[in-house]
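Here are the chains, one letter per residue:
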Amino acid sequence: MSAPLVPSLFGSCYILTGAIIWIVDKILYAIGYVIPPLNGPLAALGGWLASPAVLTFLTWFVMVLVMVIWAVLLNLLTMMWVERKVYSRLQDRYGIMISIWSLPLWPFNRRKDKATHRGWGFLQNVADGMKLLQKENIVPAAADSMMFSVAPAWIAGTTLMVFAALPWSSGLSVANLDLGVLFILAAFSLAPLGILIAGWSSNNTSTLVGGMRSAAMLMAYEIPLILAVIALVFTTGSLDPQTLVLQQEQTLVALGPVSIPRWNLFGPQVIGFIVFMVAIVAEMERIPFDLPEADAELVEGWTTELTGMRFGLVFGFKWLRMIAGAALLSILYLGGWSGPVFYTFYLGSVPIPIIPAEAWFMLRIYLLGIFFVLLSWAVPRVRIDQILNIGWKRLIPLALLAILVAAAARVFGYVG
Amino acid sequence: MGLDWEAIAFVVLSVLEVTFSILLVTSKRLVRAAFWLAATLITVGGIYLLFRAEFVFLIQILVYAGAVPLLFAFGIMLTRRKIMEEPGMEGEK
């Protein structure tokens with residue numbers, strides 16, 4: 001059995017919000033002390049902030065903020081760093097090296113005789129982001145400026161929507177929906193329209209071709225993705241991530257001390273797993289399927305005309321989609337966050353598992369991420385007609401076969 | 001709190017939906033119209049959510065907001081020789 005480090009994100013954020021409001025209350029009190037006429041209204045404001053309804057409302061804000069910081073600021077940067085380091089190793093070079101030792105501040109620049117670029121390179125992506133923030137946002141003269149501005153926001157917003165329903169463990173999630181997997185897939189499927197609009201509104205041949213390719217490709221791969229999930233529902237009977245993971249925690253076979261868990265991968269769902277994996281790589285637009293921004297043919301595909309932080313958003317959020325795809329894959333087929341705890345120690349009365357469920361989940365996400373990175377830097381790009389052939393003529397029949405197999409397994413009594 | 005949040009949400013969603021539908025049928029640029037179509041269908045999905053029909057809402061987003069405008073935009077672009085309209089054809093202003 002696995003145990004989460006954060007038993008309830010809402011509970012933790014409620015305490016955090018309470019602490020913030022307590023500090024704000026003290027500051028208001030201090031202001032009221034210095035300027036006596038403001039004392040009455042400020043005390044009323046403090047009381048209003050501390051009322052239960054406002055506190056709950058603010059807690060939801062803090063929860064969303066915590067999840068965005070967790071997903072974007074920590075995991076997105078780490079995933080980008082992992083990709084850039086892994087493919088550099090694959091190409092037999094060091095890769096990015098800007099780290100905390102490159103900062104021109106006192107504790108870091110003491111050794112003048114040593115090179116500044118000598119760290120692990122984690123701050124390289126932060127530096128790139130800072131650079132993009134300083135760039136001018138250029139809208140091409142012939143572009144449809146409203147659509148051009150809407151498209152990056154549309155793509156970023158719909159990608160962040162995924163994380164509203166994506167649980168990181170049984171406790172670390174913003175909302176637990178009964179139809180969570182469907183919600184994630186729905187949020188995933190909104191971005192292609194943004195890509196098409198971005199490609200069209202730039203009024204440039206490369207971007208338009210990139211947008212069209214993206215639309216054709218994502219439409220072809222959306223269908224096997226959904227069909228594979230339908231095959232999964234035949235045996236699990238649920239679209240709730242929590243239920244799916246609980247089902248996969250049970251033991252399939254016990255080989256002495258080692259017990260193999262009942263992951264959906266082991267069983268009739270293996271065809272669905274293959275289909276889902278290929279389709280999700282296509283949804284992430286990674287290299288075997290990165291036709292929409294094939295940099296050898298179309299300058300930078302549909303992102304060619306985007307500049308500054310607009311480019312930074314759509315470029316960086318590819319890794320967020322990669323994290324979401326890997327998380328979905330591991331929830332559906334690879335046991336989610338299940339894993340042994342080994343030992344739980346207590347800090348006061350708070351139980352702290354030594355290997356929490358979140359760590360098991362992130363282990364899966366990053367191993368899948370490294371697999372995707374190795375895949376995309378080791379194989380060549382496929383042609384557009386070949387991609388559509390794979391999607392329509394191979395994956396959809398395979399997905400239908402997976403549905404048949406799953407239905408037959410259900411008829412013969414295989415459950416979960 | 002005497003406010004009926006569901007009624008407020010319904011009014012906001014309805015106003016947005018009517019606005020987007022009017023923009024959809026009056027827009028001269030067909031790809032913009034496809035975007036307004038997506039916005040209209042998402043607000044319709046929001047009204048389904050107010051009826052506590054979460055499944056219909058998600059299918060609405062998945063099929064009608066995700067795929068249908070994409071198909072429309074794809075079809076529109078395949079039928080046109082020019083990437084964008086002539087400047088004189090702009091309806092607004």
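Residues numbered from 1 in each chain as written. Chains lettered and ligands numbered in written order. Predicted model: local features only at pLDDT ≥ 70, side-chain atom pairs only at ≥ 80, totals over all residues.

### Structural notes on the confidence of the model for chain B
Residue and element names in this part refer to chain B.
And then number 1: Here chain B averages 78 in pLDDT, and 80% of its residues register 70 or above.
And then number 2: Highest mean pLDDT in chain B belongs to helix H1 (residues 5-26) (89); lowest belongs to helix H4 (residues 68-79) (74).
And then number 3: Predicted as a complex, the structure gets a pTM of 0.84 and an ipTM equal to 0.77. (pLDDT = per-residue confidence, 0-100. Helix = DSSP H or I, 4+ residues; strand = E, 2+ residues; numbered from the N terminus.)

### Points about the interface of chain B and chain A
And then number 1: Of the residues lining the interface, 20 residues belong to chain B; the matching set on chain A comes to 21 residues.
And then number 2: Broken down by element, the side of chain B that touches chain A gets its largest block of residues, six residues, from helix H3 (residues 54-65) of chain B.
And then number 3: Residues that form the side of chain B that touches chain A fall into these classes: 17 nonpolar, one polar and two charged. (Contact = placed C-beta atoms within 7 Å. Nonpolar A, V, L, I, M, F, W, Y, C, P; charged D, E, K, R; others polar.)

### Some details on unusual backbone geometry
Note on backbone geometry: most residues besides glycine have negative phi, and most peptide bonds are trans.
And then number 1: With a phi angle near 60°, Asp 92 of chain A is a residue other than glycine that sits in the positive phi range.
And then number 2: C-beta crowding within 10 Å serves as the criterion here: with 6 such atoms nearby, Asp 92 of chain A is assigned to the exposed category.
And then number 3: You will see that Arg 52 of chain B, though not glycine, has its phi angle at about 65°, which is positive.
And then number 4: The topology assignment puts Arg 52 of chain B in the loop between helix H2 (30-50) and H3. (Buried ≥ 20, exposed ≤ 12 C-beta atoms within 10 Å, placed from the backbone.)

### Some details on helix H9 (residues 241-249) of chain A
Residues and elements named next belong to chain A.
And then number 1: Listed as buried for H9 are Pro 241, Leu 244, Val 245, Gln 247 and Gln 248. The arc that holds the buried residues of H9, viewed along the axis, is 160°, so those residues lie on one side.
And then number 2: Close packing links the buried residues of H9 with helix H6 (180-188), helix H8 (205-236), strand E2 (258-261) and helix H11 (308-332). (Arc of directions from axis to C-beta.)

### A closer look at the packing of helix H1 (residues 9-34) of chain A against helix H3 (residues 52-90) of chain A
All names here are of chain A.
And then number 1: For the pair H1 and H3, interaxial distance at closest approach is 8 Å and the crossing angle is 110°. Between H1 and H3, the interaxial angle falls into the category roughly perpendicular. Regarding H1 and H3, the two cross each other, and that crossing is right-handed. Facing H1, whose interface residues are Leu 9, Phe 10, Cys 13, Tyr 14, Leu 16, Thr 17, Gly 18 and Ile 21, H3 presents Leu 55, Leu 58, Thr 59, Val 62, Met 63 and Val 66.
And then number 2: In terms of residue class, the contact of H1 with H3 is built from 11 nonpolar, three polar and no charged. (Axes fitted to C-alpha atoms, helices over the stretch in contact; angles between N-to-C directions. Parallel < 35°, antiparallel > 145°, perpendicular 65-115°, else oblique. Left-handed = near helix turned anticlockwise from the far one by under 90°.)

### A look at the pairing of E2 of chain A
Consecutive side chains along a regular strand alternate between the two faces of the sheet.
And then number 1: Note that strand E1 (residues 251-255) of chain A and E2 of chain A share four bridges and pair antiparallel. Counted as the bridge partner of Val 253 of chain A is Ile 260 of chain A from E2 of chain A. (Pairing = 2+ DSSP bridges.)

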